[in-house]
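Given next are the chains, with one letter for each unit.
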Amino acid sequence: MLYFRLSIFIVGLLSLLFSLGVKAQETATTVVEKRVIVSPAPKAVCSTVAGHWEGNIWINTHDVCKYENRAEGVAWVNDYWSCTEAAADGTCTTWVLVPGHWVKTLE
């Protein structure tokens, strides 16, 4: 009887150790905020600025809308994503959302 109880205890202990050693595979999920891009009304002329590098920062493709007679500025730059850090192979490692904003001059 002692061997039977001892064997049940050992099997239970091994099962516990085995189950603790087996973990569910961990996955990394990137949550991306979905945003509706709205530029102020009434719009004049909007154009798309192609993605480009400014120094070592990647500026993603975005729209710029020109306005007339606005105290806030001459153009509205819509929200866009900017890569501020990249790996040696050029893969972006850090993205930052640049919110829409007014600019006083167009370059």
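Keep in mind it's a predicted model, so treat the numbers as computed, not measured. (Residues numbered from 1 in each chain as written. Predicted model: local features only at pLDDT ≥ 70, side-chain atom pairs only at ≥ 80, totals over all residues. Heavy atoms only, no water.)

*Asks:* So what's going on with the pattern of salt bridges? Which residues, and what values?
*Replies:* For the structure shown, the criterion picks out one salt bridge. One salt bridge connects E72 with R70, and the closest N-O pair in it is separated by 3.1 Å. By relative accessible area, which is 36% here, E72 ends up partly exposed. (Salt bridge = Lys/Arg side-chain N within 4 Å of Asp/Glu carboxyl O. Buried < 20%, exposed > 50% of the residue type's maximum accessible area, 1.4 Å probe, protein only.)

*Asks:* Account for unusual backbone geometry, naming residues and giving values.
*Replies:* In terms of backbone geometry, most residues other than glycine have negative phi values and most peptide bonds are trans. Residues other than glycine seldom take positive phi values, yet N69 does so here, at roughly 60°. Overall, N69 belongs to the exposed group, its relative accessible area being 80%.

*Asks:* I'd love a proper account of the environment of K104, names of residues and values included.
*Replies:* Position of K104 relative to the elements: it lies in the segment after strand 8 (101-103). Along the chain, K104 and R70 lie 34 residues apart, while their C-alpha atoms are 9.8 Å from each other. Within the structure, K104 has its side chain in polar contact with the backbone oxygen of E72 (distance 3.1 Å). (Helix = DSSP H or I, 4+ residues; strand = E, 2+ residues; numbered from the N terminus. Polar contact = N/O pair within 3.5 Å; in protein donor to acceptor, adjacent residues only side chain to side chain.)

*Asks:* Go over the packing of aromatic side chains with me, naming the residues and quoting the values.
*Replies:* For the structure shown, the criterion picks out three aromatic pairs. Each ring, one from W53 and one from W58, has its centre 5.5 Å from the other, and the planes form 65°; the classification is edge-to-face. Judged by centre distance (5.5 Å) and plane angle (70°), the ring pair of W76 and W102 falls under edge-to-face. Of this pair, W76 sits in strand 5 (residues 75-77) while W102 sits in strand 8, placing them 26 residues apart in sequence. Owing to a relative accessible area of 14%, W76 belongs among the buried residues under this scheme. (Phe/Tyr/Trp six-rings, centres within 6.5 Å; stacked < 30°, edge-to-face > 60°.)

*Asks:* Run through the pairing of strand 4 (residues 62-66), naming residues and quoting values.
*Replies:* Every regular strand shows the same layout, with side chains that alternate between the two sheet faces. Judged from the five bridges that link them, strand 1 (residues 45-49) and strand 4 form a sheet pairing that is antiparallel. Within strand 4, the residue paired with V49 across the bridge is H62. (Pairing = 2+ DSSP bridges.)

So, to be careful, I would describe these as geometric facts and stop short of saying anything about function.
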